[in-house]
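Architecture and fold: a report
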Amino acid sequence: MPRKRLMAIMATIGVAIVGAVAAVIPMTASNAAEACAAAYNNSAVYTGGAKVSYSSHNWTAKWWTQYEAPSTGGSGVWQDNGACGGGGDGGGGGTGCDYPNWAAGTFYPAGSIVKYTDGNYYRAKNENPGYDPVISTWYWEPYTCGGETPQPPGGDGGFPVSESQFNQMFPSRISFYSYAGLIDAVKKYPAFATTGSDTVKKQEAAAFLANVNHESGGLVYVEEINQANWPLYCDQSQPYGCPAGQSAYHGRGPIQLSWNFNYKAAGDALGIDLLNNPDRVKNETSVAYQTAVWYWMTQRGPGTMTPHDAMVNSRGFGETIRSINGSLECNGGNPAQVQSRVDAYNRFTAILGVSPGGNLYC
């Protein structure tokens, strides 16, 4: 056989062998899918260059965006970087979930990733001295790790305040004002703190709780302290009078429901006979909270809109004060009381990780 023909045959066999070997060699780490970035959070603000993971792809924001999930359509704000996998373990081939357990009191630089006691992972958005990830959402965000998607912090039944956050807001509350009682009560009004964007929902919940905080002394008082005022809340001009007694309609509950006509209206709306049994507001936690939510959702008081409408229509926290006690506090009536409510609102929105918005005063 001529030498040139032999060399050509050997070259062909060599190519076939190399191809076969290449077919069985596993894909190297350098060719594997890129580790997934932190999970997209619909309520978070992203600026140009921010990286997130969504639907098993990594994405990069081209400019400022919020409330726009990554896609190749829409405004075009998101750049699809391709498929991703795992939780970002630097290409080491593991699951990406080998992160330390969170420890209270430990300093965490921005970018630190920890495993919380609920089994979910969180990344520090801002450095902090060991704040609780499910309470301090300003400092922490859920982190997708190894294909696991943590549940965002929040409460039961869609209420945007978790029990941990609630306890942080009311460290001195009495046992009567339980978180479970609040969650049961909000079921009466499905639109409460569930209307609008995630930010608006949290702002409304914070506004409600800030006013409740003021009225009840931090969820400490169930009945109006000044008993000398108790006989003053019976409007005898009402056709139904005051069947439970002259002094039976004083302030009770987290929003201090007062006056016989308010007990009548709240009871009718809630399906509870509060006109004849006003003490149910001080004896039953859910009923107490229900009266507060009823007022928030349906009553304008001295204002021009319900507190709920004020928050979901961006009229600001100040309008909720006007609807609750505006005749005594607003327009310079009692600046110190207004400031007390605003301070609580600012504190609660910080706990929930949202801005307070504008128009805080009345």
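Helix and strand counts for the chain come out as ten helices and seven strands. Across the 362 residues that make up the chain, the buried fraction comes to 44%. Long-range contacts, defined as pairs at least 24 residues apart, comprise 51% of the intrachain contacts of the chain with a sequence gap of at least 6. Carbon and sulfur atoms make up 53% of the accessible area of the chain, which amounts to about 17,300 Å² in all.

If you trace the four strands from one edge of the open sheet to the other, you get β1-β4-β3-β2, paired in mixed fashion. The strands lining the two open edges of the sheet, one partner per strand, are β1 (34-35) and β2 (51-54). The pairing of β1 with strand β4 (residues 78-85) spans two bridges and is parallel. Bridge pairing links A35 to G85 in β4.

Moving on: helix α10 (residues 335-352). Its 18 residues give α10 an end-to-end C-alpha distance of 26 Å, which sits within 8% of 26 Å, the value for a rise of 1.5 Å per residue. The inward-facing, buried residues of α10 contact α2 (163-169), α4 (198-216), α8 (307-312) and α9 (317-329). Immediately downstream of α10, the backbone of G353 shows phi near 75°, a positive value.

Looking now at the packing of aromatic side chains. Summed over the entire model, instances satisfying the criterion amount to 15 aromatic pairs. Relative to F208, the ring of F192 has its centre 5.0 Å away and its plane inclined at 75°; by these criteria the two rings are edge-to-face. Highlighted residues: F192 in the loop between α3 (179-186) and α4 and F208 in helix α4, separated in sequence by 16 residues. A single burial state applies to F192 and to F208, both of which are buried. With a centroid separation of 4.4 Å and 0° between ring planes, the pair formed by F317 and Y345 is classed as stacked.

Relative to the elements of secondary structure, E223 occurs in the loop between α4 and α5 (260-270). For E223, a relative accessible area of 24% puts it in the partly exposed group. Excluding its chain neighbours within four sequence positions, the residues that come into contact with E223 are W230, H250, G251, R252, Q256 and K282. Separated by 2.8 Å, the side chains of E223 and H250 make a polar contact.

Strand order in the open sheet formed by three strands is β5-β6-β7, and the pairing between neighbours is antiparallel. The sheet is open, and its two edges are formed by β5 (113-115) and β7 (140-143), each paired on a single side. Sheet twist, expressed as the average angle between the axes of neighbouring strands with direction ignored, equals 35°. Pairing between strand β6 (residues 121-124) and β7: four bridges, direction antiparallel. Residue pairing across strands places Y121 opposite Y143, the latter belonging to β7.

The subject of this paragraph is the packing of α3 against helix α7 (residues 285-298). Geometry of a packed helix pair, given as the angle between the helix axes and the separation of the axes. For the pair α3 and α7, interaxial distance at closest approach is 8 Å and the crossing angle is 50°. Judged by the angle between their axes, α3 and α7 are oblique. The chirality of how α3 crosses α7 is right-handed. Here G181, L182, D184, A185 and V186 of α3 come into contact with α7, specifically with T285, S286, Y289, Q290 and V293. Split by residue class, the contact of α3 with α7 holds five nonpolar, four polar and one charged.

What follows covers the environment of Q339. Position of Q339 among the secondary structure elements: in helix α10. Taking the C-alpha atoms as reference, Q339 lies 9.3 Å from L360; in sequence the two are 21 residues apart. A polar side-chain atom of Q339 sits 2.8 Å from a polar atom in the side chain of D343.

Here we take up the pattern of salt bridges. A full pass over the atoms with the stated rule returns ten salt bridges. As a salt-bridge pair, E223 and R252 come within 3.9 Å of each other at their nearest N and O atoms. Of this pair, E223 sits in the loop between α4 and α5 while R252 sits in the loop between α4 and α5, placing them 29 residues apart in sequence. By relative accessible area, which is 2% here, R252 ends up buried. Residue R341 pairs with E329 through a salt bridge whose shortest N-O separation is 2.8 Å. Of this pair, R341 sits in helix α10 while E329 sits in helix α9, and the two are twelve residues apart along the sequence.

This part takes up the packing of α5 against α7. Direction vectors running N to C along α5 and α7 enclose 100°, while the axes themselves pass 10 Å from each other. With respect to α7, the element α5 is oriented roughly perpendicular. On α7, the residues touching N262, A265, A266, A269 and L270 of α5 are Q290, T291 and W294. In terms of residue class, the contact of α5 with α7 is made up of five nonpolar, three polar and no charged.

Reading guide: rules and limits
Residues numbered from 1 in each chain as written. Predicted model: local features only at pLDDT ≥ 70, side-chain atom pairs only at ≥ 80, totals over all residues. Heavy atoms only, no water. Helix = DSSP H or I, 4+ residues; strand = E, 2+ residues; numbered from the N terminus. Buried < 20%, exposed > 50% of the residue type's maximum accessible area, 1.4 Å probe, protein only. Contact = heavy atoms within 4.5 Å. Areas by Shrake-Rupley, 256 points an atom, 1.4 Å probe, with all protein chains shown as cover. Pairing = 2+ DSSP bridges. Expected span 1.5 Å × (residues − 1). Phe/Tyr/Trp six-rings, centres within 6.5 Å; stacked < 30°, edge-to-face > 60°. Polar contact = N/O pair within 3.5 Å; in protein donor to acceptor, adjacent residues only side chain to side chain. Axes fitted to C-alpha atoms, helices over the stretch in contact; angles between N-to-C directions. Parallel < 35°, antiparallel > 145°, perpendicular 65-115°, else oblique. Left-handed = near helix turned anticlockwise from the far one by under 90°. Nonpolar A, V, L, I, M, F, W, Y, C, P; charged D, E, K, R; others polar. Salt bridge = Lys/Arg side-chain N within 4 Å of Asp/Glu carboxyl O.

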